[in-house]
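Okay, here's what each chain looks like letter by letter:
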Amino acid sequence: MKLVPISLLVFALAAAAAFAYDPSPLQDFCVAINDPKVFVNGKFCKDPKQVTADDFLFKGFRYPGNTANPLGSKVTPAFVDQFPGLNTLGISMARIDFAPGGLNPPHTHPRGTEILVVAEGTLLVGFVTSNQLNNTLLTKVLYKGDVFVFPIGLIHFQLNIGKAPALAFAALSSQNPGVITIANAVFGSKPPISADVLTKAFQVDKKVVDYLQAQFWYDNN
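As the structure is a prediction and not an experimental result, all values here were calculated from the model.

**Concerning the sheet that holds strand β8 (residues 137-142)**
By definition, the strands of a sheet pair up through backbone hydrogen bonds, in either a parallel or an antiparallel sense. Strand order in the open sheet formed by five strands is β8-β7-β10-β5-β12, and the pairing between neighbours is antiparallel. Only two strands of the sheet have a single partner each, and these edge strands are β8 and β12 (180-181). Note: strand β7 (residues 123-128) against strand β10 (residues 156-160), five bridges, orientation antiparallel. Bridge assignment links G126 to a residue of β10, and that residue is F157.

Below you can see the structure in the form of structure tokens.
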């Protein structure tokens, strides 16, 4: 029996990784429709003969998001759930409004890289590298017109350090990049993560964990 060369195996793994995220479409478009009876990895396609220009229009960025909340920020997503015309196209967007001092808290997008442009205001942004790179914080102050990229899966944040409201727009490399807000996931999960796990992981007293788990963790998305 012939053995498969190691180089071929490495190539196969690399090719698999290259196609791990949103695949290329096999037709001009596939406007999403919801079918509550069936669950698939993605969305079903609307009959192309019934597609109109409105399927490719999203009006959700016309007005500012409501920043009157504990975080002082509001994310308005234009993902496939809000914008069906994105289905199979491998891209999405978000509008992010900030009150003065407003924060888009540390979070990750497990399925997409994010590139952000500042439309108004001054933002302190940053992301943290993986354990392999010693959890290094890479941070920058952005001004109007500046663009910054957050690599896929890495924890990142944006903070308005100006005295006026700020506005940014983000593009993401997936129709459904997902959002995991770190504080909400760790301390606001349902059911809650065992206090024994969190006290040892964070090296704090159980009273601290109990306090954090008792808080209301606001979701600005």
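Still more to cover.
**Digging into a nonpolar patch on the surface**
On the surface, I115, V117, V147 and V149 cluster together into a nonpolar patch covering about 300 Å² of accessible area. Mapped onto the nonpolar patch, the elements with two or more residues apiece are β6 (114-120) and β9 (147-150). Secondary-structure assignment places V149 in strand β9. Residue V149 is classed as partly exposed on the basis of its relative accessible area of 42%.

**Digging into unusual backbone geometry**
Cis geometry is found at the peptide bond from K190 to P191, where omega equals -5 degrees. Unusually for a residue other than glycine, T88 sits at a positive phi of about 75 degrees. Residue placement: T88 occurs in the loop between β3 (73-78) and β4 (92-98). The phi torsion at N135 lies on the positive side, around 50 degrees, for a residue other than glycine. Structurally, the position occupied by N135 is in the loop between β7 and β8.

**Notes on the nonpolar core**
What tends to happen in soluble globular proteins is that the nonpolar side chains get buried as a cluster. One finds F98, L116, L123, V125, L142, F148 and F150 to be the most contacted residues of the largest nonpolar core, which totals 15 residues. Secondary-structure elements contributing two or more residues to this core are β4, β6, β7, β9 and β11 (166-172). Each residue touching F150, except ones within four places of it in the same chain, is listed here: T113, E114, L116, V125, G126, F127, H156, F157 and Q158.

**So, the sheet that holds β4**
One open sheet holds the five strands; their spatial order is β3-β4-β11-β6-β9, and the pairing between them is antiparallel. Unpaired on one side and paired on the other, β3 and β9 mark the two borders of the sheet. With strand direction ignored, the average angle separating the axes of adjacent strands in the sheet is 20 degrees.

**Structural notes on the side chain of N87**
Position of N87 relative to the elements: it lies in the loop between β3 and β4. Ignoring sequence-local partners within four residues, the contact set of N87 consists of C30, V31, A32, K43, F44, V80 and Q175.

**Focus on the packing of helix α3 (residues 195-202) against helix α4 (residues 206-213)**
Two elements in contact, α3 and α4, have axes separated by 9 Å at closest approach and are oriented at 115 degrees. In this view, α3 runs roughly perpendicular relative to α4, as classed from their interaxial angle. The hand of the α3/α4 crossing is right-handed. Judged by residue contacts, A195, L198 and T199 of α3 engage K206, V209, D210 and Q213 from α4. Grouping the constituent residues of the contact of α3 with α4 by class yields three nonpolar, two polar and two charged.

**Digging into the pattern of salt bridges**
Tallying each qualifying case throughout the model produces five salt bridges. The partner of D81 in a salt bridge is K43, with the nearest N and O atoms 2.8 Å apart. Note that D81 is positioned in the loop between β3 and β4 and K43 in the loop between β1 (32-33) and β2 (44-45), a separation of 38 residues in sequence. Residue classification places D81 among the exposed positions, given a relative accessible area of 53%. With its nearest N and O atoms 2.9 Å apart, the salt bridge here joins D210 to K206. Here K206 and D210 lie together in helix α4, a separation of four residues that amounts to about one turn. Looking at D210, the relative accessible area reads 32%, which means it is partly exposed. Residue classification places K206 among the partly exposed residues on the basis of a relative accessible area of 44%.

Definitions and cut-offs
- Residues numbered from 1 in each chain as written.
- Predicted model: local features only at pLDDT ≥ 70, side-chain atom pairs only at ≥ 80, totals over all residues.
- Heavy atoms only, no water.
- Pairing = 2+ DSSP bridges.
- Helix = DSSP H or I, 4+ residues; strand = E, 2+ residues; numbered from the N terminus.
- Patch = residues over 30% accessible without salt bridge, like charges linked within 9 Å, V, L, I, M, F, W, Y side chains within 5 Å.
- Areas by Shrake-Rupley, 256 points an atom, 1.4 Å probe, with all protein chains shown as cover.
- Salt bridge = Lys/Arg side-chain N within 4 Å of Asp/Glu carboxyl O.
- Buried < 20%, exposed > 50% of the residue type's maximum accessible area, 1.4 Å probe, protein only.
- Core = buried A, V, L, I, M, F, W, Y, C linked by side-chain atoms within 4.5 Å.
- Contact = heavy atoms within 4.5 Å.
- Axes fitted to C-alpha atoms, helices over the stretch in contact; angles between N-to-C directions.
- Parallel < 35°, antiparallel > 145°, perpendicular 65-115°, else oblique.
- Left-handed = near helix turned anticlockwise from the far one by under 90°.
- Nonpolar A, V, L, I, M, F, W, Y, C, P; charged D, E, K, R; others polar.

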